[in-house]
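# Residue-level structural notes
Okay, here's what each chain looks like letter by letter:
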Amino acid sequence: MPLEMLKTHAVHGGTLRYLRHDSATTGTPMTLSVFVPPGEGPFPVLIWLSGLTCTEDNFTTKAGAYRSAAEHGVIVVAPDTSPRGPDLKGRAVADDAAYDLGQGAGFYVDATERPWAPHFRMETYVTDELIALIDAEFPTTRARSISGHSMGGHGALTLALRHPELFKSVSAFAPIASPTRCAWGEKAFTAYLGEDRSLWDVHDAAKLVEAGAAKGVFDDILIDQGDADGFLADQLKPELLVEAARAAGQTLTLRIQPGYDHSYFFMASFIADHVAFHAKRLKA
């Protein structure tokens, strides 16, 4: 679909664009930001998935990723976290009142339950429509990696593990490691995927890693987690990823960062490491 330019900025020698398009997948307008580094390209791509309550703007304005992206010659794409609009067909306003369900909380799955199913199809949006759109409209090498934060960390891990042919590498900041075993995930999966918990496991990063989904595909998975994160014990549970990787014989690097919380100050402190991690693998 044609991209509508909303605004553009020069940054670190490259160009940052805010864009909107009519999505065939969600049936709604979708917004995103795209940073293109200086030079003619083509460039590899890093897709960033944000967390609960976020739009494409949170990462774009707060993470400080573009200096590193310019240095490494990487396009950075940050889509919104869900479809939006006051009149989504089949969706009652009451169903969308909470911060952790509905708009701003797509969880990067394709909903199968009403009223969410017609529009909340974020897995297909990212892995099919968004990738095709970026490759068609920007000078890409068609090599790409994926990263994200919190709900977006869950999305980055599960989309990479479910679609390994699409991505060269994956990393995450404070991901929801096992949404089938935390309140955020249980609420979202019940609403989007239904009561049958056996259908949830294929969207659980820890269970996918334990089943060997990353084995022989990703040489390493980089996770950063702050030890002062208020969601660490109850919602994030990174130890489940470590246990899963150990059981599967998968290399996974979990860095516990002392004193860091769940905010974008944490991401801004270590985003350069993640850009370099992906750049190395994208250009191998």
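Residues numbered from 1 in each chain as written. Predicted model: local features only at pLDDT ≥ 70, side-chain atom pairs only at ≥ 80, totals over all residues. Heavy atoms only, no water.

### Remarks on the pairing of strand β5 (residues 75-79)
Burial analysis of β5 places five of its five residues in the buried class, which makes it a mostly covered element. By the alternation rule, side chains of β5 split into Ile75, Val77 and Pro79 and Val76 and Ala78, which are all buried. Strand direction decides the pairing type here: strand β3 (residues 29-36) and β5, joined by four bridges, are antiparallel. Paired with Phe35 across the two strands is Val76, which belongs to β5. (Buried < 20%, exposed > 50% of the residue type's maximum accessible area, 1.4 Å probe, protein only. Helix = DSSP H or I, 4+ residues; strand = E, 2+ residues; numbered from the N terminus. Pairing = 2+ DSSP bridges.)

### Concerning the pairing of β3
By the criterion of burial, β3 is predominantly enclosed, with seven of the eight residues buried. Pairing of strand β2 (residues 14-22) with β3, which is carried by eight bridges, proceeds in the antiparallel orientation. Residue pairing for β3: Asp22 is matched across the bridge by Pro29. The loop that links β2 with its antiparallel partner β3 comprises six residues; one of these, Gly27, has a positive phi angle of about 70°.

### Describing the nonpolar core
Among the nonpolar cores identified, the biggest contains 89 residues, and Val34, Phe59, Val77, Phe107, Ile146, Tyr192 and Leu241 are the most heavily contacted of them. Sorting elements by how many residues they give to this core places helix α9 (residues 264-282) first, with eight residues. In this structure Tyr192 touches Leu101, Gly102, Ala105, Gly106, Phe107, Val109, Ala111, Thr112, Glu113, Trp116 and Phe120, once residues within four positions along its chain are discounted. (Core = buried A, V, L, I, M, F, W, Y, C linked by side-chain atoms within 4.5 Å. Contact = heavy atoms within 4.5 Å.)

### Topic: the sheet that holds strand β7 (residues 171-173)
Read across the sheet, three strands follow the order β7-β8-β9 without closing on themselves; strand pairing throughout is parallel. The open sheet is flanked by β7 and β9 (253-257), the only strands paired with a single partner. Across the sheet, the mean angle from the axis of one strand to that of its neighbour is 15°, orientation sign disregarded. Examined bridge by bridge, β7 and strand β8 (residues 222-226) share three bridges and lie parallel to one another. Residue pairing across strands places Ser171 opposite Leu222, the latter belonging to β8. (Axes fitted to C-alpha atoms, helices over the stretch in contact; angles between N-to-C directions.)

### Here's the deal with helix α5 (residues 183-193)
Considered for burial, the residues of α5 that qualify are Trp184, Gly185, Ala188, Phe189, Ala191, Tyr192 and Leu193. Seen end-on, α5 carries its buried residues on one side only, within an arc spanning 165°. Contact partners of the buried residues in α5: α4 (151-162) and α7 (232-236). Following α5 by one or two positions, Gly194 adopts a phi angle in the positive range, close to 100°. (Arc of directions from axis to C-beta.)

### Brief notes about the packing of aromatic side chains
For the structure shown, the criterion picks out 14 aromatic pairs. Relative to Tyr192, the ring of Phe120 has its centre 5.8 Å away and its plane inclined at 20°; by these criteria the two rings are stacked. Highlighted residues: Phe120 in the loop between β5 and α3 (122-137) and Tyr192 in helix α5, separated in sequence by 72 residues. We note that Phe120, like Tyr192, is buried. Here the aromatic residues Phe35, Trp48, Phe59, Tyr66, Phe173, Tyr260, Phe266 and Phe270 are joined through ring pairs into a cluster of three or more. If you follow Lys7 out to its NZ or CZ, it ends over the ring of Tyr18, 4.5 Å from the centre. The ring centre of Phe277 lies 3.9 Å from the NZ or CZ of Arg281, which sits over that ring. (Phe/Tyr/Trp six-rings, centres within 6.5 Å; stacked < 30°, edge-to-face > 60°. Lys NZ or Arg CZ within 6 Å of the ring centre and 35° of its normal.)

### Some words on the environment of Gly249
Note on placement: Gly249 falls in the loop between α8 (239-248) and β9. It is 25 Å that separates the C-alpha atoms of Gly249 and Gln235, two residues lying 14 residues apart in sequence.

### Overview of unusual backbone geometry
Cis geometry marks the peptide bond from Gly41 to Pro42; its omega dihedral reads 5°. Between Arg114 and the following residue, Pro115, the backbone shows a cis peptide bond with an omega angle of 10°. Tracing the chain through its elements places Pro115 in the loop between β5 and α3. Phi is positive for Tyr108, close to 55°, though the residue is something other than glycine. Tracing the sequence through the fold places Tyr108 in the loop between β5 and α3.

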